[in-house]
Amino acid sequence: MKTPIRVAVTGAAGQIGYSLLFRIASGAMFGPEQPVILHLIEIEPALPALNGVVMELQDCAFPLLKGIVATADLNAGFKDVNWALLVGSVPRKQGMERKDLLSINGKIFTGQGKAIAANAAKDVRIFVVGNPCNTNCLIAMNNAKSIPSDRWFAMTMLDQNRAVTQLAMKAGVDTTEVKNLAIWGNHSSTMYPDYFNAKIGGKPATEVIKHEIWFKDTFIPTVQQRGAAIIKARGLSSAASAANAVVDTVRNLVNPTPAGTCFSVGVCSDGSYGIEKGLIYSFPIVSDGKNWKIVQGVEINEFSREKMTATENELKEEKAMVAELL
Ligand code: NAI
């Protein structure tokens, strides 16, 4: 039997945690042959609730789940982990400015970055989901300089999945027909779902859906505002779909990307497409199962460039707001 992978999940007693943990333990993330040990990290007040989650995980008798560590101690939580899924963060409350949120969460991610660097396995990869995820990832990365920058990721797969479904519904096709829908930039309302380079049934999306106004006035705002629409409808933020996107992203990174396709994830910019080096920016990515790279040569027209710059500018602003934490 394979050696178990140790997977840390912060915010494990939260909404996303409740959907995510069971899918990891069932094999949906690392495959049916790969055993896992879950490291569940929470803040002290949430430990009783976390204990309930642990009991439910035990009650599933998952064949692949070889152990559970449940703790509020970051050193124990990140000890020898191969993956750190940083989901927990403090939600924005009424009257809170973006700057306040960045600063509160920034402190969480400095501590977690340091604890990961001090405790995790040599091959650790870190995937930040807690918002604002790009900048939280930037903060953690800059507080863990011994870990190479290509091991850090921030989630934009939920935006990609949302965009794919919108295109599939409009074209009246199965979601599997939609490929290469890249999300550029920040996981926020400025992110840009690049429909110009998306394919539907192998053809450019703009040839299949000949409705320019729809793309600009309906598609982009629908994808950008989907999180808010779900909060309005459900009274709670997206959780099962977010957990699903976490599973999709890790699976995409640990498996070879099918030829001619790509997926979206925030990574440390190397200056590709003129995006400021060092920002955590979402690009179209391919993986060989171990290493990933940014897809080069994607055509960028004037409209795309404007959108890509707007979301880059927002990330630069966020970076400036947390400068003292970097
Ligand atoms: P939630 O509020 O239900 O759960 C968050 C959990 O994190 C709570 O149990 C809380 O006790 C815990 N937590 C807070 N500070 C912590 C710390 N320092 N260490 C460990 N745990 C801590 O929130 P939910 O719905 O699970 O969402 C989690 C995060 O994911 C939020 O920031 C949300 O905005 C973000 N999110 C990101 C998405 C993306 O696409 N990148 C999509 C959806 C949500």
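Data block above holds the structure.
Residues numbered from 1 in each chain as written. Predicted model: local features only at pLDDT ≥ 70, side-chain atom pairs only at ≥ 80, totals over all residues. Heavy atoms only, no water.

**As for the nonpolar core**
Stated precisely, the cut-off is as follows: Throughout, nonpolar core names a set of buried Ala, Val, Leu, Ile, Met, Phe, Trp, Tyr and Cys residues whose side chains join them through atoms within 4.5 Å. The buried label goes to any residue with under 20% of its type's maximum accessible area, the exposed label to any with over 50%, and the partly exposed label to all in between, with areas taken from a 1.4 Å probe on protein chains only. Strands here mean DSSP runs of E at least two residues long; helices mean DSSP runs of H or I at least four residues long; both are numbered from the N terminus. The domain boundaries here were taken from an automatic or database domain assignment. We call two residues in contact whenever any of their non-hydrogen atoms come within 4.5 Å of each other.
Of all hydrophobic cores here, the largest spans 75 residues; its most connected members are Leu 20, Leu 85 and Leu 167. If you tally residues by element for this core, the top one is helix 10 (residues 240–254), at seven residues. Structurally, this core is a two-domain feature, drawing no fewer than three residues from each of domain 1 (5–154) and domain 2 (156–322). Among all residues touching Leu 167, those that are not within four sequence positions of it are Val 178, Leu 181, Ala 198, Ile 200, Ala 205, Ile 209, Trp 214, Phe 215 and Phe 219. In this structure, Phe 78, Ala 140, Trp 152 and Ile 280 belong to the second largest nonpolar core, which totals 28 residues.

**Quick notes on the sheet that holds strand 10 (residues 199–200)**
By definition, the strands of a sheet pair up through backbone hydrogen bonds, in either a parallel or an antiparallel sense. Defined as follows: Note on pairing: two strands pair once DSSP finds at least 2 bridges between them.
Taken in spatial order, the three strands make up an open sheet running 7-10-11, and their pairing is antiparallel. The two strands at the open ends of the sheet, each matched to only one other strand, are strand 7 (178–179) and strand 11 (203–204). For strand 7 and strand 10, the ladder comprises two bridges, and the chain directions are antiparallel. Opposite Val 178, over in strand 10, you have Ile 200 as the bridge partner.

**Section: the site of the ligand**
Under the convention used in this document: The cutoff for a nearby residue is simple: one of its non-hydrogen atoms must lie within 4 Å of the molecule or strand. Nitrogen and oxygen atoms within 3.5 Å of one another constitute a polar contact, given that in protein one can donate a hydrogen and the other can accept it, and given that sequence-neighbouring residues count only through two side-chain atoms. In short, Shrake-Rupley with a 1.4 Å probe defines the accessible areas, and a residue's cover is counted only from the protein chains shown. Only protein atoms enter the calculation, which uses a 1 Å grid: trapped sets of points that fit a 1.4 Å probe without letting it out are cavities, open sets showing protein on both sides within 12 Å along at least five of seven lines are pockets, and any residue with an atom within 4 Å of a point is a lining residue. Just a note on the criterion: a molecule sits in a pocket or cavity if more than half of its atoms are within 2 Å of the grid points. Residues are sorted three ways: Asp, Glu, Lys and Arg are charged, Ala, Val, Leu, Ile, Met, Phe, Trp, Tyr, Cys and Pro are nonpolar, and all the rest, Gly among them, are polar.
Surveying the vicinity of the ligand reveals 24 residues, the closest of which are Gln 15, Ile 16, Glu 42, Ser 89 and Asn 131. Interatomic distance of 2.9 Å between a backbone N/O atom of Ile 16 and an oxygen atom of the ligand. Asn 131 is positioned such that a nitrogen or oxygen atom in its side chain is 2.8 Å from an oxygen atom of the ligand. Burial of the ligand by the surrounding chains reaches 83%, relative to a free accessible area of 870 Å². In this structure, the ligand is accommodated by the largest pocket. Tallied by class, residues from the shell around the ligand come to 12 nonpolar, 11 polar and one charged. Summarising the domain contributions, the shell around the ligand has at least three residues from each of domain 1 (5–154) and domain 2 (156–322).

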